[in-house]
Amino acid sequence: MSRLPVMSSKRVLTSSSSSSENAQDFVPAQKRSRKDPEPHKPQAAATVIGGRRPPAAAARAPLSRSVRGAGAATVAVGPSRGVLKTSVASTAAKAGNMKQPFGSTVSKTGGTGASRRHAWDLRGKVSDMEDKIRDYKTTFKSVNQENEVLKGSMVQNQTKVVEMQKELERQRSQISKYEEELQTLSGVRDELEKVSSDRSVLQKELSNFEVKYKVMETLRDSHEMELQTLKMKLSVQESTLARLQATLRETEEEVRCLRDTVSQLKDDLHAGEMERRQLHNTIQELKGNIRVFCRVRPLVDGGLSKHIQLAASDNKTVTLAKTEESHTGKSVDTQKNYNFSFDRVFGPQALQQEVFEEISLLVQSALDGFNVCCFAYGQTGSGKTYTMEGDEFDETRGVIPRAVQQIFKAAEKLGAQGWEFTFTASFVEIYNETLRDLLYTGKASKRPEHEIRKLTNNEVTITNLTYEKVCNEDQVLGLIALANRNRSTAQTAQNDRSSRSHSVFQLDIEGVNAGRDAKCKSTLCLVDLAGSERMVKSQSQGERFKEMTAINGSLSNLGIVIAALANKESHVPYRNSKLTYLLQACLGGNSKTLMFVNIAPEPDSFGETLNSLRFASKVNDCVIGTASANRK
Ligand code: ADP
Ligand code: MG
């Protein structure tokens, strides 16, 4: 009995899915037990049971309540025969609302106080019991049915569960598929993200390219503009070019004509040059192949002392005046004049430039292929070195640097006419009749000895001497400086060697004009002679005596050689001294010789000055004699 409410509750749980079914299941049972044509109409049952109309409230109540209420009402008012009615009501209640507990009907029936039969009413009680049993049976049946239904439903549900499990499996496999797909999709998503980042990069690049493209477009536009301008210019240039080409053709024609003219002129020029050389040489010869210039050194404080007088009218004479005291003392002092005339006399004011102008003609002769020799003669301190080398400043530069400058300039000019020159310089010192190389750069202990050799072509050369090829003025100046250093190492304060030795600078000049098949070869000699002062008795011994003897010997021999040359004597004693032997090629033949006689103005140098002038005069006289003879 205690299971009933549970079962009913179960039915309630399943009723949602099969309430209509269950309702139909109950119907035949009610029909069989009570043969009630309208089991679903409790109101009608109530009508049958009570035989009266139900109260209005009951009639108006909802169906479930009305069934219960009607049942209760029926039991309460009904006679003992009303058991069936209760059962029907109970069934109805079951049909209407299964929540109603089964026993409640009985308790309610009895609850009115009329449910208990009288003790004597056994038949009634039996009947009640039978009713109850019937009810229970019915209920049992219906519960069984219900159970069957539920079983069926359970089977159905199990089938459904199986199906649902299958479905679940399917769903799971579906889900795993989906998960796989999801994974694939996440890969795809990553790819997509990558692609999208790539795309953004590409978009940036694209935008960059767009910017660049715009810039390029702008550039292109400007270039197109430029191109247009250039095209215009080009067309202008083309027309100009055409004009110029026409002009060029004309000019080329002109150039051809001019070339012919130029080559003609070159021929003329060369002829002119050769003629000039001849004429120049003729002039030089007329002036005398041996010339003597006198140069008077200024006094240390400037000016000139009284005993040397230079003629105001010309620049060729010099007078040396000596006042001699009267021996008796009664007569007035007498003055003795020594007159000398030379090719040119330079006073104390004469500038280095002026002096050089006279020599430059001879330098030109050297370039023209004639040997030239220039000496400076005079006592120590008379200005020989000043004349030949001068000072380092431009204004006071002497003959050697100026001659070198002129030669290189002239060679450059002649280069335009096809002449090519090579120059070789040497610098030698003759001391005590020994030769010393002033361009020597080796060790002093290994200084070689030198000898003068005369070659078969009459050229003179010195063994072991430094012959330096030079091609510009600076190189020569460098060599002169080297020579000066070499000379100063050889001298001491007590031994002023430079004044007691001859220094000979030689520049060998060789010119070739390949186009004209012309050649020329010459030597320019520039000599700073040793001091010409005579020996003083106190010095006439030892080394000094030897020096003086060597100097006097070589200087007097020089005079003799020049005189012999001037007199065209058959024998010229070149070999008598190293100086003349070395210079023989530059002294004879067509050579030009120039002697400077340098004189000191101091009164105490009178004697030496007179000697120098006499020596120079002797040379000059010979020359004048020769010149006169030539003129005849
Ligand atoms: P030398 O070589 O004959 O012994 P220098 O040439 O050494 O004589 O001259 C002696 C000094 O006189 C030097 O100081 C020199 O500068 C100077 N001297 C020589 N001649 C002149 C001159 N014409 N004008 C100015 N100074 C001169
Ligand atoms: Mg000197």
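Everything in this summary refers to the structure shown in the same document.

Rules used in this analysis
Position labels on residues start from 1 in each chain and follow its written sequence. For this description, chains carry letters from A and ligands carry numbers from 1, given in the order in which they are written. Totals for whole chains, interfaces and linings use all residues, but because this is a predicted model, local features are given only for residues with pLDDT of at least 70 and pairs of side-chain atoms are given and counted only at 80 or more. Side-chain descriptors were evaluated using all non-hydrogen atoms of the structure, hydrogens and water having been removed beforehand. A cutoff of 4 Å decides nearness: a residue is near a molecule or strand if any of its heavy atoms lies inside that distance of it. Any pair of N or O atoms that falls within 3.5 Å is considered a polar contact. Within protein, one atom must be able to donate a hydrogen and the other to accept it, and sequence-neighbouring residues count only if both atoms are side-chain atoms. Areas reported here follow the Shrake-Rupley algorithm with a probe of radius 1.4 Å; residue values treat only the protein chains shown as occluding. Each helix is a run of DSSP H or I of at least 4 residues and each strand a run of E of at least 2, with the numbering of both proceeding from the N terminus. Gly counts as polar in this scheme, as do all residues outside two lists: the nonpolar Ala, Val, Leu, Ile, Met, Phe, Trp, Tyr, Cys and Pro, and the charged Asp, Glu, Lys and Arg. To pair, rings of Phe, Tyr and Trp, with the six-membered ring standing in for Trp, must have centres within 6.5 Å; the planes then decide the type, stacked if under 30 degrees apart, edge-to-face if over 60, and tilted in the middle. Remark: exposure states derive from per-residue accessible area (1.4 Å probe, protein chains only) relative to the maximum for the residue type, with buried under 20%, exposed over 50%, and partly exposed in between. Both a distance and an angle decide whether a charge sits over a ring: NZ of Lys or CZ of Arg must be within 6 Å of the ring centre and within 35 degrees of the ring normal. In plain words, nonpolar cores are sets of buried Ala, Val, Leu, Ile, Met, Phe, Trp, Tyr and Cys residues tied together by side-chain atoms within 4.5 Å. The contact definition used throughout considers only heavy atoms, calling two residues in contact when any of these lie within 4.5 Å. For patches, a residue must show more than 30% relative accessible area and have no salt bridge; joins then use 9 Å for like charges and 5 Å for nonpolar side chains, namely Val, Leu, Ile, Met, Phe, Trp and Tyr. The working definition used for a salt bridge is a side-chain nitrogen of Lys or Arg within 4 Å of a carboxyl oxygen of Asp or Glu.

Some words on the site of ligand 1
- In the vicinity of ligand 1, the contacting residues are Arg295, Arg297, Pro298, Gln379, Thr380, Gly381, Ser382, Gly383, Lys384, Thr385 and Tyr386.
- In this structure, an oxygen atom belonging to ligand 1 sits 3.3 Å away from a main-chain N or O atom of Ser382.
- One nitrogen or oxygen atom from the main chain of Gly383 is found 3.1 Å from an oxygen atom belonging to ligand 1.
- In isolation ligand 1 has 550 Å² of accessible area, and contact with the protein removes 65% of it.
- Among the elements that make up the shell around ligand 1, the one with the highest residue count is helix α9 (residues 384–388) (three residues).
- Of the residues contributing to the shell around ligand 1, the split by class is two nonpolar, six polar and three charged.

Considerations on the packing of aromatic side chains
- A full pass over the atoms with the stated rule returns nine aromatic pairs.
- For the ring pair Phe340 and Phe342, a centre distance of 6.4 Å and an interplane angle of 10° mean the geometry is stacked. Neither Phe340 nor Phe342 differs from the other in exposure class; each is buried.
- Residues Tyr377 and Phe615 carry aromatic rings whose centres are separated by 4.2 Å and whose planes lie at 5° to one another, so their mutual orientation is stacked. Of this pair, Tyr377 sits in strand β6 (residues 372–378) while Phe615 sits in helix α14 (residues 606–631); the two residues are 238 residues apart in sequence, bridging distant segments of the chain.
- A relative accessible area of 2% places Tyr377 in the buried class.
- Taken together, the aromatic side chains of Phe408, Trp419, Phe421 and Phe423 make up a single cluster linked through ring pairs.
- A cation over an aromatic ring shows up here: Arg277 above the ring of Trp419, its NZ or CZ 4.7 Å from the ring centre.
- Residue placement shows Lys592 over the ring face of Phe370; its charged tip is 4.5 Å from the ring centre.

Quick notes on the nonpolar core
- Ranked by internal contacts, the top residues of the largest apolar core, which has 50 residues, are Cys294, Phe342, Phe375, Leu583, Met595, Val597 and Leu613.
- Discounting residues that sit within four places of it in the chain, Cys294 has contacts with Val318, Phe342, Arg344, Val345, Phe346, Val597, Ile599 and Leu613.
- Membership of the second largest hydrophobic core comes to 45 residues, among which are Ala366, Ala403, Phe408 and Phe423.

With respect to the side chain of Gln379
- By the secondary structure assignment, Gln379 is in the loop between β6 and α9.
- Look at Gln379 and you get buried, because its relative accessible area is 10%.

So, a nonpolar patch on the surface
- A grouping of Val211, Val215, Met216 and Leu219 is seen on the molecular surface, where their side chains present a nonpolar patch of about 360 Å² in accessible area.
- Relative to the elements of secondary structure, Val211 occurs in helix α7 (residues 122–287).

Things to note about the environment of Ala563
- By the element assignment, Ala563 lies in helix α12 (residues 542–566).
- Spatially, the C-alpha atom of Ala563 lies 7.9 Å from that of Lys618, the residues being 55 residues apart in sequence.

Here's the deal with the pattern of salt bridges
- Inspection of the entire model under this criterion finds 22 salt bridges.
- Linking Asp131 and Arg134 is a salt bridge whose minimum nitrogen-to-oxygen distance equals 2.1 Å. Placement of the pair is Asp131 and Arg134 together in helix α7, with a separation of three residues, close to one helical turn.
- Owing to a relative accessible area of 8%, Asp131 belongs among the buried residues under this scheme.
- Residue Arg134 is classed as partly exposed on the basis of its relative accessible area of 47%.
- Here Arg344 and Glu358 are joined by a salt bridge, their closest N and O atoms 3.2 Å apart. Of this pair, Arg344 sits in strand β5 (residues 344–346) while Glu358 sits in helix α8 (residues 352–367), and the two are 14 residues apart along the sequence.

Re helix α13 (residues 578–587)
- Within α13, eight of the 10 residues are buried, leaving the element largely enclosed by the surrounding structure.
- Residues of α13 that are buried include every one of Leu579, Thr580, Tyr581, Leu582, Leu583, Gln584, Cys586 and Leu587, and no others.
- Downstream of α13 by one or two residues, Gly589 has phi in the positive range, about 60°.

A few points about the side chain of Ser142
- Along the chain, Ser142 falls in helix α7.
- Judged by relative accessible area, Ser142 falls into the buried class, the value being 8%.
- Among the polar contacts listed, one links the side chain of Ser142 to the backbone oxygen of Thr139, at a separation of 2.7 Å.

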